[in-house]
Amino acid sequence: MSDVSTEDRPETAQAVDLHKEFESSGVKAVLEDLDATLIGLAPVKQRIRETAALLLVERARKQMGLAHETPTLHMSFTGNPGTGKTTVALRMADLLHRLGYIRKGHLVSVTRDDLVGQYIGHTAPKTKEILKKAMGGVLFIDEAYYLYRPENERDYGQEAIEILLQVMENNRDDLVVILAGYGDRMEKFFESNPGFRSRIAHHIDFPDYSDDELFHIAELMLRDLNYTLTPAAATALKEYVALRRRQRHFANARSMRNALDRARLRQANRLFQANAGPLDAEALSAIDEPDIRASRVFRGGLDSDPEPAA
Amino acid sequence: MRITQGAFSFLPDLTDEQITKQVQYCIDNGWAVSLEFTDDPHPRNTYWEMWGHPMFDNPDAAALMYELAECRKVYGDQYIRVVAFDATHGWESVRLSFIVNRPKEEPGFRLARQEMDGRNQRYTTISYAVDKPAGSRYA
């Protein structure tokens, strides 16, 4: 798989070295793990592979004494809710650590609250504190567009942005900043903060999952929790995915997680109510059709919603 | 006169790379590193000014180096030291401290004698630097 893209780099003469490097650095393990545990997201995986290849080549160049420059690794992840931005950021930290581009490989995940202070003079120390904590690792800023509030010109977010930009530029070797958020709002954020766009080299867009991929994700989640779907339940779940997508507040994999949590709840309730004597492990881990079918998604959407689901 | 207090003070000044490695060693041991500065180098002056808080939860030495660069911008003409504090029960004290920044000129100390009754004498050392008011020392 990923071997192909590594060998396709311009330096084919050193392909053997790169390949060995690829195996020994543990990058291969990370990429394989990525392929095995992350469903779909083909463009994202492609970008990660390309980044890994670039870093490997840079490292090989460094070893051979060729001119090299630490590439800018700040990234922005855009995509709809539940498309795996945080999960990939975590993998990214691991990957960069294995490639030796960050020293510790930890991920510090923050939102506006962690960076912006509540009164004058509070923001700078707070932002610096977080940045220091993230040094040697990856700083993941979720919903980064909240940092910038154009409607309030006295908002302290601007101060946090300035410090962030300064550290992103001057301490490029010390930390990697990943911004994440929904596509359109990130676009607006970058438009009003052009400094950010130019300092971020990698813009990665996370596509929505297809129905099939969502079903596989649900299966994977259940397997991790030691649950199984009966064949009838699997059919019901497939229908559920198609229906849920058309309803409001659809959040890709997160919706699936919530749906499964509710199914487990119903399954527990069903087992309890049936009171059918001793249960074996199989009965305890089987999610059956009624557990899924009972969802209000099959009855046209969220009951609590005053308006009909879109 | 070059003052010698804390670890490594008889060695040539540590480079930033060497400081980073020492600090990383402290962090890896679970000690909280912090920076302190002073313009009064008297050996009995144990309470230096703190530069920010001790860094209890930063896994990488880059954080301290970042603060050191900031501290040098403001107090680059004074003494700055790294202090590594071990908070584990039974220790609860400084495990390592070393100077990372010195003034360009260190004027040294003079010996002051005090005549006492019965031809006794008392001796004390006074830093030439403290003859000037705080703020203009080493200027």
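Residues numbered from 1 in each chain as written. Chains lettered and ligands numbered in written order. Predicted model: local features only at pLDDT ≥ 70, side-chain atom pairs only at ≥ 80, totals over all residues. Heavy atoms only, no water.

A.B. asks: Just checking my understanding: could you explain the sheet that holds strand β1 (residues 75-79) of chain A for this structure?
C.D. replies: Strand-to-strand pairing in sheets goes through backbone hydrogen bonds, with the strands running parallel or antiparallel. Residues and elements named next belong to chain A. In space, the 5 strands of this open sheet follow the order β2-β3-β4-β1-β5, with parallel pairing throughout. Both edges of this open sheet fall to β2 (107-110) and β5 (202-206), since each of them pairs with a single strand only. Neighbour to neighbour, the strand axes of the sheet diverge by 20 degrees on average, direction disregarded. Alignment of strand β3 (residues 138-142) against strand β4 (residues 176-181), held across 5 bridges, turns out to be parallel. Residue pairing in the sheet places Phe140 in a bridge with Ile178 of β4. (Pairing = 2+ DSSP bridges. Helix = DSSP H or I, 4+ residues; strand = E, 2+ residues; numbered from the N terminus. Axes fitted to C-alpha atoms, helices over the stretch in contact; angles between N-to-C directions.)

A.B. asks: What is the right way to read the pairing of β5(A) from this model?
C.D. replies: Here is the key point about a regular strand: its side chains alternate between the two faces of the sheet. Residue and element names in this part refer to chain A. Taking every second residue as pointing to the same face, the buried face of β5 carries His202, Ile204 and Phe206, while none of His203 and Asp205 on the other face is buried. Here β1 runs beside β5; their pairing, made up of 5 bridges, is parallel. Its bridge partner being in β5, Thr78 is matched across the sheet by Asp205. (Buried < 20%, exposed > 50% of the residue type's maximum accessible area, 1.4 Å probe, protein only.)

A.B. asks: Help me understand the interface of chain A and chain B, please; the structure alone is not making it clear to me.
C.D. replies: Much of the literature gives interface size as the accessible area that the parts lose upon coming together. Contacts between the two partners involve 12 residues from chain A and, on the opposite side, 12 residues from chain B. Approximately 1100 Å² of surface area, both sides summed, lies buried where chain A meets chain B, with 52% of it carried by carbon and sulfur atoms. Counting every contact that joins chain A to chain B gives 5 salt bridges. The salt bridge involving B:Asp28 is made with A:Lys104; its shortest N-O contact spans 3.4 Å. With 4 residues, the single largest contributor to the side of chain A that touches chain B is helix α7 (residues 123-134) of chain A. By residue class, the composition of the side of chain A that touches chain B is 2 nonpolar, 3 polar and 7 charged. (Contact = heavy atoms within 4.5 Å. Buried area = accessible area lost by both parts, 1.4 Å probe. Salt bridge = Lys/Arg side-chain N within 4 Å of Asp/Glu carboxyl O. Nonpolar A, V, L, I, M, F, W, Y, C, P; charged D, E, K, R; others polar.)

A.B. asks: Please clarify how the domain arrangement of chain A should be interpreted in this entry.
C.D. replies: Residues and elements named next belong to chain A. Domain annotation for chain A reports domain 1 (18-206) and domain 2 (211-298). Between the C-alpha centres of domain 1 and domain 2 the distance comes to 34 Å. Listed per partner, the contact involves 7 residues of domain 1 and 8 residues of domain 2. Of all residues in domain 1, Ile39, Pro81 and Gly82 give up the largest surface area on contact with domain 2, accounting jointly for 74% of the area buried on that side. Remark: the boundary between domain 1 and domain 2 carries 0 salt bridges. Joining domain 1 to domain 2, the criterion identifies 2 residue pairs in polar contact (both at pLDDT 80 or more). Its residues assigned to classes, the side of domain 1 that touches domain 2 comprises 2 nonpolar, 5 polar and no charged. (Domains from an automatic or database assignment. Polar contact = N/O pair within 3.5 Å; in protein donor to acceptor, adjacent residues only side chain to side chain.)

A.B. asks: What should I look at first to understand the packing of helix α3 (residues 27-37) of chain A against helix α5 (residues 85-98) of chain A in this one?
C.D. replies: When two helices pack together, their arrangement is given by the angle between the helix axes and by the axis-to-axis distance. Residue and element names in this part refer to chain A. For the pair α3 and α5, interaxial distance at closest approach is 9 Å and the crossing angle is 160 degrees. Classified by the angle their axes make, α3 and α5 are roughly antiparallel. Remark: the crossing between α3 and α5 carries left-handed chirality. Counting all contacts with α3, which are made through Val27, Ala29, Val30, Leu31, Asp33, Leu34 and Thr37, the residues of α5 involved are Arg91, Asp94, Leu95 and Arg98. For the contact of α3 with α5, the class distribution of residues is 6 nonpolar, 1 polar and 4 charged. (Parallel < 35°, antiparallel > 145°, perpendicular 65-115°, else oblique. Left-handed = near helix turned anticlockwise from the far one by under 90°.)

A.B. asks: What's the story with the pattern of salt bridges in this structure? I'm lost.
C.D. replies: One side chain can pair with another of opposite charge once the charged atoms of both are near each other. Evaluation of the coordinates by the stated rule reveals 31 salt bridges over all chains. Across the pair A:Arg264 and A:Asp261 runs a salt bridge whose closest N-O atoms are separated by 3.2 Å. Of this pair, A:Arg264 and A:Asp261 both sit in helix α13 (residues 252-274), 3 residues apart, which is roughly one turn of the helix. One network of salt bridges, in which partners are shared, links B:Arg2, B:Asp13, B:Arg102 and B:Glu106.

A.B. asks: Would you take a moment to explain the state of the cysteines for this structure?
C.D. replies: Between two cysteines, a covalent bond joining their sulfur atoms is known as a disulfide. Tallied over the full model, the rule gives 0 disulfides over all chains. No disulfide involves B:Cys26; its nearest neighbouring cysteine sulfur is the one of B:Cys71, lying 17 Å away. (Disulfide = S-S within 2.5 Å.)

A.B. asks: Can you help me understand the packing of α7(A) against helix α8 (residues 157-170) of chain A in this one?
C.D. replies: All names here are of chain A. Where α7 meets α8, the closest approach of the two axes is 9 Å, and the angle between their N-to-C directions is 40 degrees. Relative to α8, the element α7 is oriented oblique. Where α7 crosses over α8, the two elements pack in a sense that is right-handed. Contacts from Thr123, Ala124, Thr127, Lys128 and Leu131 in α7 reach Glu159, Ala160, Ile163, Leu164 and Val167 in α8.

A.B. asks: I'm lost on the UniProt feature "domain: AAA+ ATPase" (unreviewed entry) in chain A in this one. Help?
C.D. replies: Per the UniProt record, "domain: AAA+ ATPase" (unreviewed entry) is annotated on residues 71-210 of chain A. Structurally, residues 71-210 of chain A is divided into 43% helix and 18% strand, and its ends, taken at the C-alpha atoms, are 34 Å apart. (UniProt positions renumbered as here; feature names shortened; annotations may be inferred.)

A.B. asks: Sorry if this is basic, but what is going on with the sheet that holds strand β3 (residues 79-86) of chain B here?
C.D. replies: Residues and elements named next belong to chain B. Across the sheet, 4 strands lie side by side as β2-β1-β3-β4; this open sheet has antiparallel pairing. Two strands lie at the open edges of the sheet, namely β2 (49-55) and β4 (93-101), each paired on one side alone. Across the sheet, the mean angle from the axis of one strand to that of its neighbour is 20 degrees, orientation sign disregarded. Pairing analysis gives 4 bridges linking strand β1 (residues 32-38) to β2, with the strands arranged antiparallel. Looking across to β2, one finds that Leu35 is bridged to Trp51. The sheet strands contacting helix α1 (residues 16-28) are β1, β3 and β4, and the helix crosses β4 at an angle near 165 degrees.

A.B. asks: Which parts of the structure should I look at to understand the layout of surface pockets?
C.D. replies: Over the atoms a probe the size of a water molecule is rolled, and this reveals where empty space is left. One number sums up the size of the largest pocket: a volume of about 590 Å³. In the lining of the largest pocket, the residues fall into 9 nonpolar, 7 polar and 7 charged. The two domains that each donate at least three residues to the lining of the largest pocket are domain 1 (18-206) and domain 2 (211-298) of chain A. Taken as a whole, the second largest pocket spans an internal volume of roughly 310 Å³. Around the second largest pocket, the lining is made up of 15 residues, and of these A:Pro125, A:Glu129, A:Lys132, B:Gly52 and B:Glu67 lie nearest the centre. For the lining of the second largest pocket, the secondary structure elements donating two or more residues are α7 of chain A together with β2 and α2 (62-75) of chain B. (1 Å grid on protein atoms, 1.4 Å probe; cavity = no way out; pocket = protein on both sides within 12 Å on 5 of 7 lines; lining within 4 Å. Points joined across faces, edges and corners; volume = space filled by probe spheres on them.)

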